[in-house]
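This is what each chain is made of:
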Protein chains: 2
Amino acid sequence: MNGAVDLPLGTSELSFQAAGDSRVRRSILPSGVRVLSEQVPGSRSVTVGFWVAVGSRDEQRAEAAHPATYGSTHFLEHLLFKGTATRTALDIAISFDAVGGEHNAMTAKEYTCYYAKVQDRELPMAVEVLADMFTSSLLDPDEFENERGVILEELSMAGDDPADVANERFFEAVLGEHPLGRPIGGSPEAIRLATRDAVWEHYRANYRPSDLVVTVAGAVDHDVLVAELERALTTSGWDLSVTDAPVERRSPGSSPLAVGRPLTVVERPNEQVNLLLGVPGLVATDERRSTMSVLNAIFGSGMSSRLFQQVRERRGLAYSVYSFAPAYSDAGLFGMYAGCAPAKAGNVAELMRAELERLAEHGVTADELARAGGQLAGASALALEDSDTRMSRLGRAELTLGEFVDLDEALRRIALVTEDDVRTLAADLAARPFSLVAVGAIDESAFRTAVDQAAPSIDVA
Amino acid sequence: MNGAVDLPLGTSELSFQAAGDSRVRRSILPSGVRVLSEQVPGSRSVTVGFWVAVGSRDEQRAEAAHPATYGSTHFLEHLLFKGTATRTALDIAISFDAVGGEHNAMTAKEYTCYYAKVQDRELPMAVEVLADMFTSSLLDPDEFENERGVILEELSMAGDDPADVANERFFEAVLGEHPLGRPIGGSPEAIRLATRDAVWEHYRANYRPSDLVVTVAGAVDHDVLVAELERALTTSGWDLSVTDAPVERRSPGSSPLAVGRPLTVVERPNEQVNLLLGVPGLVATDERRSTMSVLNAIFGSGMSSRLFQQVRERRGLAYSVYSFAPAYSDAGLFGMYAGCAPAKAGNVAELMRAELERLAEHGVTADELARAGGQLAGASALALEDSDTRMSRLGRAELTLGEFVDLDEALRRIALVTEDDVRTLAADLAARPFSLVAVGAIDESAFRTAVDQAAPSIDVA
């Protein structure tokens, strides 16, 4: 292979060697279920994920015909642990606890994933239980009411975490009315109003054979895996003759550059101000993604990064400070975070913005570029020691990218990034509309200068 | 080996095979530095830790001759990243960032550890830089002032995290005046008053050759490691002829059963109440430690555990609920945590206490006991796939336990635990003085019933 392999829906069997001697195989079953495995020599454990390409962004806004379904993706994720036709919630919990496995799920903006990490010999059990949860959950009405309380507590926990609050507001501020701007878990109001019927409909509509992607990494034999999965699905309540194409929920596109909200202040009696500053970023398939990785490494990842040096090392203004660049199918963000004292928050916001502008104007050094390459190579190699990371890489390849990129190819692309690429991207980002979010004991006046810079079209003279 | 090996100070060389085919070796260098390595076949990465058996509990209270040194252990930990005679802070950061390594430190109550995880070929670099930091940091006065600000922000961040606040208060409540009851980071007041001289003295007194323990796990050759470490230490400013015995800072003993504070309420305008309820537990070397592991697994670890089932699954009262049992040289705790709505906090506290009493009265089932064995075996096997876990196990063996226990031996001890052992330990714990800590929008009256139970000697009729 050349290190990158396309994953077309029309191809039922694919097999290739990836960097580091792992073997990747992909099968599309007659029912439309997609199965990807990565066998890693020497591995004694295995991580298995059941994915569906539906996330909070795919929920519907309220219309005349129906109420909003915000939060239903995450609500459903909880309910899949609450019992099937043949297993109670306790049975499911015991299956994994009894073998010391890790077992959980995550709802994201563009996907939901149920996963387990177990010792190699437990893979058949993990596949069977996850398949049962995925295909045959009952969504029992009593369990539904009980879980409503659990989810409200989960949202309250997030509401008490100032960094979580700032992060939710930041997505809203940068992306505005875009569906990716909404919080993943919905709001407490939406959860209080959620009905079992709406969540059931969401389950039936989105969890069909052609929507399911199973990815497994570690100690796995692909043929055995496929046989086990077929058996588990056959005994489920699923109609496996349904072979519709996967629902096309969205198509890759360019990020909307709608002007976000320049300033959001959430006043709270905290000791710190949680500060986020940023702009719309790149979509997941943008050809500049490798440049963004390099830019983010140099700018705000690690103790030697510019943000860390300027804000923490030289001035002692923050303990935690970094940048980040999440990417989705048709939008992305570039953000900078710092937690700092209220009296310093205006100053820190200006410093962070000035650092991005300095990068846009003067670019990076050859040394920084070389270091970023080493940093990304080493960190990736360490991360790929873990079967969790490989399982997720397969899911991302199938659901988001449409191609599998191995480590050698990823690093080859990184190595092609030039100083000029980074400077050009930084200039592009710095010219986009800035949004600033602050959560803490502070009011808007603290950010007059920062917002003045951030929204140059507004005359505040 | 029989699965457990003593680590006596008088023995300069030890070597044995551990479960799972790893090879453990230990050398005591002529200077008194102790080096332990675990070579794991097939590993491509390595984690290295530089340990010293001094933590926040070893700091001094204020006396006529000197001010309190609270927080100085953690302050020193920060300063070891800030430059040596031959490396600036940026040089240190670049060393690890340029190879994508993980690099950090942790200050605990009974130890401090500086560690790095890197690809195998970077081990010599990691040993050299960590040795330089450990032996030759300058504690530059300007850097000291800068870092004071960073640490104050770190404490503020923790102060804004209600679970962190509850946890600190819980240790104080259960352990009272015991040095283990103090917070690790000191207080903002202590950090504002800290002087470079006091931290320097702490450094000189506690970071001597005989205090240093180096543990390495993963892709490591012991002889090469020892040679690299010797070379790094020889070029440092250390006087390697100092071969005093390690400072005996504390001796294993039984946990003090001083009556803790029954009720601590920290009123905050949060959405949730963060609730901790517990009692003094077992010391790290207690022969009932395996019983405690089994008890904790059954009672509050995992989705099938009793606490999870009672509080979350059946009643939907919390999202996060679990138990924990930290153990130190001469004290320990057994605690239960839940985050819940203020209106339910009294009820949840009573439920958690009632569950412990039910365990004390009726014990566990044979099924639960068998499951706990499987849970601990599987979770340990998964954890030991990571060289971080093995590096920490070596440190704990040398600094806390005085013996290395491999996985087979640990599981043999677990398998010996009986239903009666668990019930007896639960009865012992349930009879100890309870402490309850609540952080949230609540006042003491909510816990009248729970505290009445928790402090039966107080007549509140």
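Residues numbered from 1 in each chain as written. Chains lettered and ligands numbered in written order. Predicted model: local features only at pLDDT ≥ 70, side-chain atom pairs only at ≥ 80, totals over all residues. Heavy atoms only, no water.

As recorded by an unreviewed UniProt entry, chain A carries the name Zn-dependent peptidase and is attributed to Agromyces ramosus.

**Student:** Lay out the pairing of strand β6 (residues 102-107) of chain A with the relevant residues and their values.
**Tutor:** Residues and elements named next belong to chain A. Residues His103, Ala105 and Thr107 of β6 are buried on one face, while the alternating residues Glu102, Asn104 and Met106, pointing to the opposite face, are not. With 6 bridges connecting them, β6 and strand β7 (residues 112-119) associate as antiparallel partners. Across the sheet, the residue bridging to Thr107 is Thr112, located in β7. As consecutive antiparallel partners, β6 and β7 are separated by 4 residues. (Buried < 20%, exposed > 50% of the residue type's maximum accessible area, 1.4 Å probe, protein only. Helix = DSSP H or I, 4+ residues; strand = E, 2+ residues; numbered from the N terminus. Pairing = 2+ DSSP bridges.)

**Student:** Break down the sheet that holds strand β7 (residues 112-119) of chain B for me, citing the residues and quoting the values.
**Tutor:** All names here are of chain B. The strand order β2-β3-β4-β8-β5-β7-β6 describes an open sheet built from 7 strands, whose pairing is mixed. Two strands bound the open sheet, and with one partner strand each, they are β2 (13-18) and β6 (102-107). Between one strand and the next, the sheet's axes are offset by a mean angle of 15°, whatever the strand orientation. Where strand β4 (residues 34-39) meets strand β8 (residues 212-218), 6 bridges bridge the pair, whose relative direction is parallel. Within the sheet, the bridge partner assigned to Gln39 lies in β8 and is Gly218. (Axes fitted to C-alpha atoms, helices over the stretch in contact; angles between N-to-C directions.)

**Student:** How would you summarise the pairing of strand β9 (residues 263-267) of chain B if you had to cite specific residues and measurements?
**Tutor:** Residues and elements named next belong to chain B. For β9, a buried count of 4 out of 5 residues is recorded, marking the element as mostly surrounded by other parts of the structure. In this structure, β9 lies alongside strand β14 (residues 435-440), joined through 5 bridges in parallel fashion. Each bridged residue has a counterpart across the sheet, and for Glu267 the counterpart in β14 is Gly440.

**Student:** Describe the packing of helix α2 (residues 89-97) of chain A against helix α3 (residues 123-136) of chain A, naming the residues involved and giving the relevant values.
**Tutor:** All names here are of chain A. In the contact formed by α2 and α3, the axes pass within 10 Å of each other and the chain directions differ by 155°. Relative to α3, α2 is oriented roughly antiparallel. In the packing of α2 onto α3, the handedness of the crossing is left-handed. Two secondary-structure elements touch here, α2 through Ile92, Ser95 and Phe96 and α3 through Met125, Ala126, Val129, Leu130 and Met133. Its residues assigned to classes, the contact of α2 with α3 shows 7 nonpolar, 1 polar and no charged. (Parallel < 35°, antiparallel > 145°, perpendicular 65-115°, else oblique. Left-handed = near helix turned anticlockwise from the far one by under 90°. Contact = heavy atoms within 4.5 Å. Nonpolar A, V, L, I, M, F, W, Y, C, P; charged D, E, K, R; others polar.)

**Student:** Can you explain the domain arrangement of chain A? Please cite residues and give values.
**Tutor:** All names here are of chain A. Looking at chain A, the domain boundaries give domain 1 (10-235) and domain 2 (263-460). In this structure, domain 1 and domain 2 have C-alpha centres spaced 28 Å apart. Opposite the 47 residues of domain 1 that make contact, domain 2 presents 38 residues. Buried area between domain 1 and domain 2, summed over both chains or domains, comes out near 3200 Å², and the portion from carbon and sulfur atoms is 68%. (Domains from an automatic or database assignment. Buried area = accessible area lost by both parts, 1.4 Å probe.)

**Student:** Give a description of the interface of chain B and chain A that names residues and reports values.
**Tutor:** Taken together, the contact between chain B and chain A spans 62 residues of the former and 62 residues of the latter. If you sort the residues of chain B by the area they bury against chain A, Asp160(B), Tyr319(B) and Leu382(B) come out on top, with a joint share of 14%. Inspection of the chain B/chain A interface yields 4 salt bridges. Glu313(A) is the salt-bridge partner of Lys82(B), the closest N and O atoms lying 3.2 Å from each other. (Salt bridge = Lys/Arg side-chain N within 4 Å of Asp/Glu carboxyl O.)

**Student:** I'd like to hear about the packing of aromatic side chains, residue by residue, with values.
**Tutor:** Applying the stated criterion across every chain yields a total of 32 aromatic pairs over all chains. Each ring, one from Tyr114(A) and one from Phe134(A), has its centre 6.2 Å from the other, and the planes form 85°; the classification is edge-to-face. Of this pair, Tyr114(A) sits in strand β7 while Phe134(A) sits in helix α3, and the two are 20 residues apart along the sequence. No difference in accessibility class separates Tyr114(A) from Phe134(A), as the two residues are buried. Consider the rings of Trp200(B) and Tyr203(B), whose centres lie 5.8 Å apart with planes at 75°: the pair is edge-to-face. Residue Trp200(B) and its partner Tyr203(B) are both found in helix α7 (residues 196-206); the two are separated by 3 residues, about one turn of the helix. An aromatic cluster of three or more residues is present, and its members are Phe50(A), Phe81(A), Tyr114(A), Phe134(A), Trp200(A), Tyr203(A), Tyr207(A) and Trp238(A). Positioned above the aromatic ring of Phe171(B), the side-chain terminus of Lys109(B) is 4.4 Å from the ring centre. (Phe/Tyr/Trp six-rings, centres within 6.5 Å; stacked < 30°, edge-to-face > 60°. Lys NZ or Arg CZ within 6 Å of the ring centre and 35° of its normal.)

**Student:** Describe the packing of helix α9 (residues 289-300) of chain A against helix α12 (residues 366-383) of chain A, naming the residues involved and giving the relevant values.
**Tutor:** Residues and elements named next belong to chain A. Between α9 and α12, the least distance of the axes is 9 Å, while the angle of their chain directions is 105°. Looking at the two axes, α9 sits roughly perpendicular to α12. Facing α9, whose interface residues are Ser293, Val294, Ala297 and Ile298, α12 presents Glu368, Leu369, Ala372, Gln375 and Leu376. Across the contact of α9 with α12, the residue classes tally to 6 nonpolar, 2 polar and 1 charged.

**Student:** Give a description of unusual backbone geometry that names residues and reports values.
**Tutor:** Residues and elements named next belong to chain A. Unusually for a residue other than glycine, Asp21 sits at a positive phi of about 75°. Within the secondary structure, Asp21 is located in the loop between β2 (13-18) and β3 (22-28). Owing to a relative accessible area of 54%, Asp21 belongs among the exposed residues under this scheme.

**Student:** I'd like a description of a negative patch on the surface, backed by residues and values.
**Tutor:** Together, Asp161(A), Asp164(A), Glu168(A), Glu172(A), Asp161(B), Asp164(B), Glu168(B) and Glu172(B) make up a region of like negative charge exposed at the surface. Elements with a contribution of two residues or more to the negative patch: α5 (162-175) of chain A together with α5 (162-175) of chain B. When you line up the elements, Asp161(A) lands in the loop between α4 (141-159) and α5. A relative accessible area of 31% places Asp161(A) in the partly exposed class. (Patch = residues over 30% accessible without salt bridge, like charges linked within 9 Å, V, L, I, M, F, W, Y side chains within 5 Å. Areas by Shrake-Rupley, 256 points an atom, 1.4 Å probe, with all protein chains shown as cover. Lys, Arg positive; Asp, Glu negative; His and termini not counted. Charge placed at Lys NZ, Arg CZ, Asp CG, Glu CD.)

**Student:** Before we move on, could you go through the sheet that holds strand β8 (residues 212-218) of chain A and cite the residues and values that matter?
**Tutor:** The strands that make up a sheet are held in pairs by hydrogen bonds between backbone atoms, and each pair lies either parallel or antiparallel. In spatial order, the strands read β2-β3-β4-β8-β5-β7-β6 (chain A); together these 7 strands make up an open sheet with mixed pairing. Strands at the two margins of the open sheet, each flanked by one partner only, are β2 and β6 of chain A. Going from strand to strand, the sheet's axes swing by 15° on average, the running direction of each strand aside. Bridge count for β2(A) against β3(A) is 6 bridges, and the pairing is antiparallel. Bridge assignment links Glu13(A) to a residue of β3(A), and that residue is Ser27(A). Those strands touched by helix α12 (residues 366-383) of chain B are β5 (45-52), β6 and β7 of chain A, and its axis lies near 95° from that of β7(A).

**Student:** So what about the relation of the copies chain B and chain A? Which residues, and what values?
**Tutor:** Once chain B has been moved 0.0 Å along the axis and rotated by 180°, it coincides with chain A to within an RMSD of 0.0 Å. What we have between these two chains is a two-fold relation. A shared binding surface is used by both copies, with 100% of the interface residues of chain B retained as interface residues in chain A. (Least-squares fit on C-alpha atoms with pLDDT ≥ 70 in both.)

**Student:** So what's going on with the confidence of the model for chain A? Residues and values would help.
**Tutor:** Predicted coordinates in areas of low pLDDT are best not read in detail. All names here are of chain A. Put simply, chain A has an average pLDDT of 93, and 94% of its residues get 70 or more. Ignoring residues within four places in sequence, the model shows residues 454-461, a span with pLDDT below 50, making 5 contacts including any to other chains. Across the whole predicted complex the pTM is 0.95, and at the interface the ipTM reaches 0.93. (pLDDT = per-residue confidence, 0-100.)

**Student:** Go over the pattern of salt bridges with me, naming the residues and quoting the values.
**Tutor:** Pairing is possible between side chains that carry opposite charge, provided their charged atoms lie close to one another. According to the stated counting rule, one finds 58 salt bridges over all chains in the structure shown. Lys82(A) is the salt-bridge partner of Glu147(A), the closest N and O atoms lying 3.3 Å from each other. Of this pair, Glu147(A) sits in helix α4 while Lys82(A) sits in the loop between α1 (72-79) and α2, placing them 65 residues apart in sequence. Taking the relative accessible area as the measure of exposure, Lys82(A) reaches 7% and is therefore buried. Residue Asp388(A) is joined to Lys117(A) by a salt bridge in which the shortest nitrogen-to-oxygen separation is 3.2 Å. Of this pair, Asp388(A) sits in helix α13 (residues 387-401) while Lys117(A) sits in strand β7, placing them 271 residues apart in sequence. When its relative accessible area of 8% is taken as the criterion, Lys117(A) is described as buried. One network of salt bridges, with partners in common, ties together Lys82(A), Glu143(A), Glu147(A), Arg312(B) and Glu313(B).

**Student:** Help me get a handle on helix α11 (residues 345-362) of chain A, residues and values and all.
**Tutor:** Residues and elements named next belong to chain A. Helix length check: α11, at 18 residues, gives a terminal C-alpha distance of 25 Å against a target of 26 Å (1.5 Å per residue), a fit within 8%. Within α11, burial applies to Ala345, Gly346, Val348, Ala349, Leu351, Met352, Arg353, Glu355, Leu356, Leu359 and Ala360. Positive phi shows up at Gly363, right after α11, with a value of about 70°. (Expected span 1.5 Å × (residues − 1).)

**Student:** Could you give an account of the nonpolar core, naming the residues involved and the relevant values?
**Tutor:** All names here are of chain A. With 50 residues, the main nonpolar core has Leu275, Phe334 and Phe447 as its most contacted residues. Among the elements that take part in this core, α11 stands out by supplying 8 residues, more than any other. In contact with Leu275, not counting residues within four places along its chain, are Met336, Tyr337, Ala338, Cys340, Ala345, Val348, Ala349, Met352, Leu436, Val437, Ala438 and Phe447. (Core = buried A, V, L, I, M, F, W, Y, C linked by side-chain atoms within 4.5 Å.)

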